[in-house]
Amino acid sequence: MNRWLPSPRLSAVLCFLWLLLVNDFSLGQFLLGATFGLLVPIITRPFALQRPALQHPLKLVLFLLMVGRDIVLANIVVAGLILGPRRRLHPAFVEVPLDIRDGYVITILASIVSLTPGTVSADIDLQRGILLVHGLNVGDPQELIDEIKRRYEAPLKEIFGC
Amino acid sequence: MAVWIEGLVAVLVLLGAAFTLIASIGLVRMRDFYTRLHGPTKASTLGVGSIMLASLLFFSVDSGSLSVHEVLITVFLFLTAPVSAHLLAKAGMHGGEKLASGTRGKPWDQ
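Each value, and the rule that gives it
- Residues numbered from 1 in each chain as written.
- Chains lettered and ligands numbered in written order.
- Predicted model: local features only at pLDDT ≥ 70, side-chain atom pairs only at ≥ 80, totals over all residues.
- Contact = placed C-beta atoms within 7 Å.
- Helix = DSSP H or I, 4+ residues; strand = E, 2+ residues; numbered from the N terminus.
- Nonpolar A, V, L, I, M, F, W, Y, C, P; charged D, E, K, R; others polar.
- Pairing = 2+ DSSP bridges.
- Axes fitted to C-alpha atoms, helices over the stretch in contact; angles between N-to-C directions.
- Domains from an automatic or database assignment.

A.B. asks: Would you take a moment to explain the interface of chain B and chain A for this structure?
C.D. replies: Many authors give the size of an interface as the accessible area that is lost as the parts come together. Contacts between chain B and chain A engage 35 residues on the former and 32 residues on the latter. Counting residues per element, the ones that place at least two in the side of chain B that touches chain A are α1 (3-29), α2 (33-63) and α3 (69-94) of chain B. Residue composition of the side of chain B that touches chain A, by class: 18 nonpolar, 11 polar and 6 charged.

A.B. asks: Hey, could you run me through the sheet that holds strand β2 (residues 119-125) of chain A in this one?
C.D. replies: What links the strands of a sheet is backbone hydrogen bonding, and the strands pair in either a parallel or an antiparallel sense. All names here are of chain A. One open sheet accounts for 3 strands, arranged β1-β3-β2; its pairing is antiparallel. Two strands in the sheet have a free side with no partner beyond their single neighbour: β1 (92-97) and β2. Shown here is a sheet whose adjacent strand axes are inclined to one another by a mean of 25°, direction ignored. As paired elements, β2 and strand β3 (residues 130-135) share 6 bridges and run antiparallel to each other. Along β3, the bridge assignment pairs S121 with V133. The strands that helix α4 (residues 103-115) touches are β2 and β3; relative to β2, the one it contacts most, it runs at about 150°.

A.B. asks: In this structure, what is going on with the domain arrangement of chain A? I would like to understand it.
C.D. replies: The domain boundaries assigned to chain A delineate domain 1 (8-47) and domain 2 (57-160). Averaged C-alpha coordinates put domain 1 of chain A and domain 2 of chain A at centres separated by 32 Å.

Okay, here's the thing in structure tokens:
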């Protein structure tokens, strides 16, 4: 927005987070939270990525719910893999070509990949648009690529319209 | 406190402890640096998540007012776990960590 209040929404969220963190909704804590809300965005502005506009907020909520469910399933699957026989594991590095070019959205995608079934994002090549993923147990690399693209990249692309 | 809430809290705490234990077992059992990364980033998120849920439930019912610290801890954990896993993987590739035999694909040069 302007110099002293670059992102009012972030400021409000930070102030609210502070109140939740101290679990004390008094005036003093509110003032302290408001101070953080003003200072933090000003200090971090040089590092902040420009977020593309949300095209479908409702779809984002549904998408996050689906990711939450995947995370719970991922935990159970990975727990099974850890306790099962090691010989059955087929780890692999897989290069996933990305359609998304926006750094902010790629960051979200990479984080989701790290949180979900047996995959950790290991590196990103922004020039070539490739995400390097390490899978704990990969049957068919192409299948993994297709799943990441279909399940996570496509909805993100639609939600942020990029 | 109602018995069923106590039971639910107990189940959640045990579930959380079990997943955290499995994550630690993964650190010992897996054969190379990269496969070891998987345990702590995943099994631990659900482990910590369950314990936080148990804590939220217990203290909300016990004190009669909603306790929200725990939600924040969970959110922060979910924001930071992927970032630390990513950086660890990058550091591993930079340091030329050995791959478990049978690993397909190659890590990138850093």
